[in-house]
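Fold and geometry: a report
Single-letter residue listing:
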Amino acid sequence: MSILVTGGTGYIGSHTCVELLNAGHEIVILDNLNNSHLEAVRRIERITGKKPVFIQGDIRDTQFIQKVLIDNKSTAVIHFAGLKAVGESCEQPLKYYDYNVNGTLCLLNAMQQAGVKTLVFSSSATVYGDPEKLPIQENSPLKATNPYGRSKLIVEEMLRDLYASDPNWHIAILRYFNPVGAHKSGLIGEDPKGIPNNLMPIVAQVAGGRREKLHIWGNDYPTPDGTGVRDYIHIVDLAIGHLKALEALDSAQCTAFNLGTGQGYSVMEVIHAFEHVSNKKITYEMAPRRSGDIAECYADPHLAKEQLGWEAKHGLREMCEDMWNWQVKNPQGYQ
Ligand code: NAD
Ligand code: WQD
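Residues numbered from 1 in each chain as written. Chains lettered and ligands numbered in written order. Predicted model: local features only at pLDDT ≥ 70, side-chain atom pairs only at ≥ 80, totals over all residues. Heavy atoms only, no water.

1. Some words on the site of ligand 2
If you check the shell around ligand 2, you find 19 residues, and the closest are Tyr148, Leu199, His215, Arg230 and Asp293. Within the side chain of Tyr148, one N or O atom sits 2.5 Å away from an oxygen atom of ligand 2. At a separation of 3.0 Å, an oxygen atom of ligand 2 approaches a polar side-chain atom of Asn178. With the chains in place, 87% of the 690 Å² that ligand 2 exposes on its own is no longer accessible. Among the elements of the structure, α7 (199-207) and β8 (214-217) are those that each provide at least two residues to the shell around ligand 2. A per-class count over the shell around ligand 2 returns nine nonpolar, seven polar and three charged. (Near = heavy atom within 4 Å. Polar contact = N/O pair within 3.5 Å; in protein donor to acceptor, adjacent residues only side chain to side chain. Areas by Shrake-Rupley, 256 points an atom, 1.4 Å probe, with all protein chains shown as cover. Helix = DSSP H or I, 4+ residues; strand = E, 2+ residues; numbered from the N terminus. Nonpolar A, V, L, I, M, F, W, Y, C, P; charged D, E, K, R; others polar.)

Quick look at the structure:
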């Protein structure tokens with residue numbers, strides 16, 4: 001009996017693997033290492049004292065995945081594997097539909113053929129587009145504004161259709177807000193390839209001297225200080241959310257849950273919090289708004305609390321502290 005974790009060497013996957021192993025689950029990590037390092041598997045073992053099974057492979061290979069599920073007597077899948085860069089998805093939409101939509105379709109076919117019908121899927125707050133109302137509830141209108149977001153939305157629709165056709169499926173769709181931070185040990189964390197797109201990794205790299213400055217994409221939003229507001233969530237809280245979702249999936253369902261804190265912070269607030277914990281100056285420059293960005297986005301996390309018994313525990317200070325600890329211990333990431 002094991003849980004198959006696709007994309008388990010990536011940022012969110014590796015932290016979830018730690019929580020799964022610590023909770024006594026057997027796991028099989030499947031990843032093509034397209035955006036991650038094998039070193040993450042060794043680090044997961046160092047943290048937990050347990051050696052996870054690692055299989056290098058691609059979710060788009062249905063026959064292979066079916067064999068992996070059967071050979072390892074998998075009972076459930078937590079599906080992280082995919083691509084996540086919004087800008088790249090606008091430049092190479094077909095690649096995103098291939099990895100994220102076709103990849104998930106191949107995985108679902110393999111699961112169906114292997115008789116494994118329990119799935120936790122990584123969705124994103126991006127499926128809400130520019131929200132009409134804040135905080136965002138799960139029943140808010142869904143609308144994608146870029147190919148990456150559309151790929152998540154298509155998969156969500158696919159999952160709802162699948163469940164409607166066969167109510168033996170147990171599916172949790174987790175809509176993450178903005179995952180940040182790292183494991184307390186500083187052994188695993190986010191290791192973006194090339195220049196990061198997201199705020200917190202850039203801030204950490206500027207503090208660490210790896211990057212000269214941060215561009216703040218817009219200070220004329222209708223927010224208290226004019227900079228964009230987001231719901232940052234500590235990666236360990238997010239990882240635990242997967243464990244709670246899995247535990248709640250003993251009844252048949254297909255439900256979407258927001259995983260966020262419910263608290264929004266502006267870019268300036270993040271910079272100040274990071275300066276405080278790192279004792280470093282974050283050099284920044286004001287720049288025009290980034291295309292496609294929204295002013296404000298934060299979750300109503302009540303459904304996850306009521307139905308999964310989950311809520312985020314870490315605040316912004318701990319998110320910055322743990323991010324900084326990872327940056328200091330791994331200035332060049334896993335390499
Ligand atoms: P990540 O890139 O660190 O992890 C994804 C992993 O999937 C990588 O290890 C990569 O090598 C692997 N992978 C990619 N394509 C694959 C394929 N075809 N077959 C096998 N493995 C493959 O990203 P992450 O931040 O850990 O994100 C995990 C999931 O969560 C993604 O689906 C992402 O879209 C979603 N998500 C991420 C965020 C975020 O801000 N990090 C927010 C919302 C949703
Ligand atoms: C946060 C804030 C920026 C970088 C993205 C994806 C979303 C999800 C999470 C996967 C915004 C500002 C950023 C910089 C800045 N990913 N910023 N200078 O845009 O909320 O969400 O990651 O599902 O789909 O769109 O996160 O970290 O890029 O930006 O001023 O160099 O920081 O404008 O206000 P975002 P982010």
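2. Brief notes about the site of ligand 1
Surrounding ligand 1, one finds 27 residues, the nearest of these being Asp31, Asn35, Ser36, Lys84 and Tyr148. Within the contact set of ligand 1, a nitrogen atom lies 3.0 Å away from a side-chain nitrogen or oxygen of Asp58. Bound to the protein, ligand 1 loses 95% of the 820 Å² it would expose on its own. Among the elements of the structure, α1 (11-22), β5 (118-124) and α6 (147-165) are those that each provide at least two residues to the shell around ligand 1. Ranked by residues supplied to the shell around ligand 1, first place goes to β5 with three residues.

3. Description of the sheet that holds strand β4 (residues 74-79)
Strand pairs in the sheet, formed through backbone hydrogen bonds, run parallel or antiparallel to each other. Sheet architecture is open: seven strands sit in the order β3-β2-β1-β4-β5-β6-β11, paired in parallel fashion. Strands at the two margins of the open sheet, each flanked by one partner only, are β3 (53-56) and β11 (253-259). Strand after strand, the sheet turns through a mean of 20° between neighbouring axes, direction not considered. Sheet topology note: the strand β1 (residues 2-6)/strand β2 (residues 27-31) ladder contains four bridges and is parallel. For Leu4, the partnering residue across the bridge sits in β2 and is Val28. (Pairing = 2+ DSSP bridges. Axes fitted to C-alpha atoms, helices over the stretch in contact; angles between N-to-C directions.)

4. So, the environment of Lys50
Here Lys50 is to be found in the loop between α2 (39-48) and β3. The contact partners of Lys50, leaving out residues within four places of it in the chain, are Leu21, Gly24, Ile44 and Glu45. Reaching out from Lys50, the side chain makes a polar contact with the backbone oxygen of Leu21 at a distance of 2.7 Å. (Contact = heavy atoms within 4.5 Å.)

5. Details of the environment of Gly241
Along the polypeptide, Gly241 turns up in helix α8 (residues 235-248). You can call Gly241 buried: its relative accessible area is 0%. If we skip the residues at most four places from it in the chain, Gly241 touches Leu174, Leu259 and Trp310. (Buried < 20%, exposed > 50% of the residue type's maximum accessible area, 1.4 Å probe, protein only.)

6. A short note on unusual backbone geometry
The amide bond that connects Leu134 to the next residue, Pro135, takes the cis arrangement and shows omega of -10°. A positive phi angle, close to 60°, is found at Leu33, a residue other than glycine. For Leu33, the location among the structural elements is in the loop between β2 and α2. Even without being a glycine, Lys73 presents a positive backbone phi close to 50°. Looking at the element boundaries, Lys73 is found in the loop between α3 (62-71) and β4. By relative accessible area, which is 59% here, Lys73 ends up exposed.

7. Looking at the nonpolar core
Residues Leu20, Ile27, Val120 and Leu174 are the most contacted members of the largest nonpolar core, which totals 36 residues. When residues no more than four places from it in sequence are discounted, the contact partners of Ile27 are Ile3, Val5, Cys17, Leu20, Leu21, Pro52 and Val53. Formed by 27 residues, the second largest nonpolar core is a distinct cluster that contains Leu4, Ile59, Val155 and Ile173. (Core = buried A, V, L, I, M, F, W, Y, C linked by side-chain atoms within 4.5 Å.)

8. Things to note about the packing of α3 against helix α5 (residues 93-114)
In the contact formed by α3 and α5, the axes pass within 8 Å of each other and the chain directions differ by 45°. Regarding the angle of α3 to α5, the classification is oblique. The chirality of how α3 crosses α5 is right-handed. Here Thr62, Ile65, Gln66, Leu69 and Ile70 of α3 lie close against α5, whose contacting residues are Cys106, Leu107, Asn109, Ala110, Met111, Gln113 and Ala114. (Parallel < 35°, antiparallel > 145°, perpendicular 65-115°, else oblique. Left-handed = near helix turned anticlockwise from the far one by under 90°.)

9. Quick notes on the sheet that holds strand β14 (residues 296-297)
Across the sheet, which stays open at both edges, the three strands sit in the order β12-β9-β14 with mixed pairing between neighbours. Each edge of the open sheet is held by one strand with a lone partner, namely β12 (265-266) and β14. Relative to β12, strand β9 (residues 229-230) runs antiparallel, the two sharing two bridges. If you follow Arg230 over to β12, its bridge partner there is Tyr265.

10. So, the packing of aromatic side chains
When we look at a pair of aromatic rings, we describe it by the centre distance and by the angle of the planes. Overall, the coordinates contain three aromatic pairs when judged by the stated rule. Arranged with centres 6.0 Å apart and planes meeting at 80°, the rings of Phe274 and Trp324 form a pair that is edge-to-face. Remark: Trp324 occurs in helix α11 (residues 316-329) and Phe274 occurs in helix α9 (residues 267-278); sequence separation between them is 50 residues. The exposure classification of Phe274 matches that of Trp324, with both residues buried. For the pair Trp326 and Tyr334, a centre-to-centre distance of 5.2 Å together with 65° between the ring planes defines the contact as edge-to-face. (Phe/Tyr/Trp six-rings, centres within 6.5 Å; stacked < 30°, edge-to-face > 60°.)

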